[in-house]
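Commentary on secondary and tertiary structure
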Amino acid sequence: MARTRDAIVGAALELFERQGFEATTVDEIAARADVAPRTFFRYFPTKEAVLFARAADDRARIAAALAARPPTEHPFLSLTTVASAFAADMEKQQKDIRLLQKLSSEKVWAYQRTLLDQEMVDMLAAFVADRLGVPVDGDPRPQVWAAVLMTTYRIAFHMWLDGGRKGRLGPALEAALAATVEAGAALSSAPGR
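Structure report, in brief. Treat the numbers as computed from the prediction; the structure is a model and nothing was measured.

Conventions we followed
In every chain, residue numbers begin from 1 and rise along the written sequence. Per-residue local features of the predicted model are confined to residues with pLDDT of at least 70, and side-chain atom pairs are confined, for both listing and counting, to 80 or more; whole-chain, interface and lining totals are unaffected and use all residues. With hydrogens and water set aside, each side-chain value is computed from the structure's full complement of heavy atoms. Numbering of helices and strands runs from the N terminus; a helix is a DSSP stretch of H or I covering at least four residues, while a strand is a stretch of E covering at least two. Relative accessibility thresholds used throughout: buried, under 20% of the residue-type maximum; exposed, over 50%; partly exposed, between the two (1.4 Å probe, protein chains only). We call two residues contacting when some pair of their heavy atoms lies within 4.5 Å. Accessible surface is estimated by sampling points in the Shrake-Rupley manner with a 1.4 Å probe; for residues, cover comes only from the protein chains shown. Angles here are taken between N-to-C directions and fall from 0 to 180 degrees, while the axes themselves are lines fitted to C-alpha atoms, restricted in helices to the stretch in contact. Roughly parallel here means an angle under 35 degrees, roughly antiparallel means over 145, roughly perpendicular means 65 to 115, and every remaining angle is called oblique. Rotating anticlockwise by less than a right angle from the far helix to the near helix defines a left-handed crossing, while the corresponding clockwise rotation defines a right-handed one. Side-chain classes follow a simple rule in which Ala, Val, Leu, Ile, Met, Phe, Trp, Tyr, Cys and Pro form the nonpolar group, Asp, Glu, Lys and Arg form the charged group, and the remainder, Gly included, forms the polar group.

All right, on to the overall build of the protein then. A count of helical and extended segments in the protein gives 10 helices and 0 strands. Overall, the protein shows an N-to-C arrangement of helices and strands of α-α-α-α-α-α-α-α-α-α. Scored against the burial criterion, the 193 residues of the protein give a buried share of 41%. In the protein, the proportion of contacts linking residues at least 24 apart, taken out of those at least 6 apart, comes to 64%. Looking at the protein as shown, the accessible area adds up to about 10600 Å², and 59% of this sits on carbon and sulfur atoms.

Here we take up the packing of helix α9 (residues 140-162) against helix α10 (residues 169-188). In contact at an axis separation of 8 Å, α9 and α10 are set at 135 degrees when each is read in the N-to-C sense. Here α10 runs oblique to α9, going by the angle between their axes. Like other packed secondary-structure pairs, α9 and α10 cross with a definite hand, here right-handed. Facing α9, whose interface residues are Val148, Leu149, Thr152, Tyr153, Ala156, Phe157 and Trp160, α10 presents Leu169, Ala172, Leu173, Ala176, Leu177 and Thr180. Grouping the constituent residues of the contact of α9 with α10 by class yields 11 nonpolar, 2 polar and no charged.

Structure, rendered in structure tokens:
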């Protein structure tokens, strides 16, 4: 099964790079991977999903890293520590990042923002809720902290991309997180709070 999935991903990325995302069809990907189109859909619900095939692996890696954090550590500190380590890993994926930039279209980025980011927020919120011992929907902190981290990471990532991927992503993330801390400090020191 992993071999078939990898063949589909490899075929898709090769065709996307050569022909472009929009010009490549699922039938072409399936033919290149030597599978039937229905086999493609057993592994991936959409063409966008194959472009982000590593997202589930990334989520699993992040979940494992969060689970390994000390149980007494504040959950938001766990989130930011793991996000910083993930940022360092992202810096090493230059080829994949270049391909995503090349193929970027509103449809591709919409898929990332609406589906992949929400899946990540849900996973992060579940971690926070578990660490706090609260229900995900009964306390605002799990959803808020997860969404703040994802939004902050996305902003840092796009600033890094827009800057030509010069330097490291980690410091961009740290600067974005510092902006979040500054906003929180301003809110807590506001008169009448």
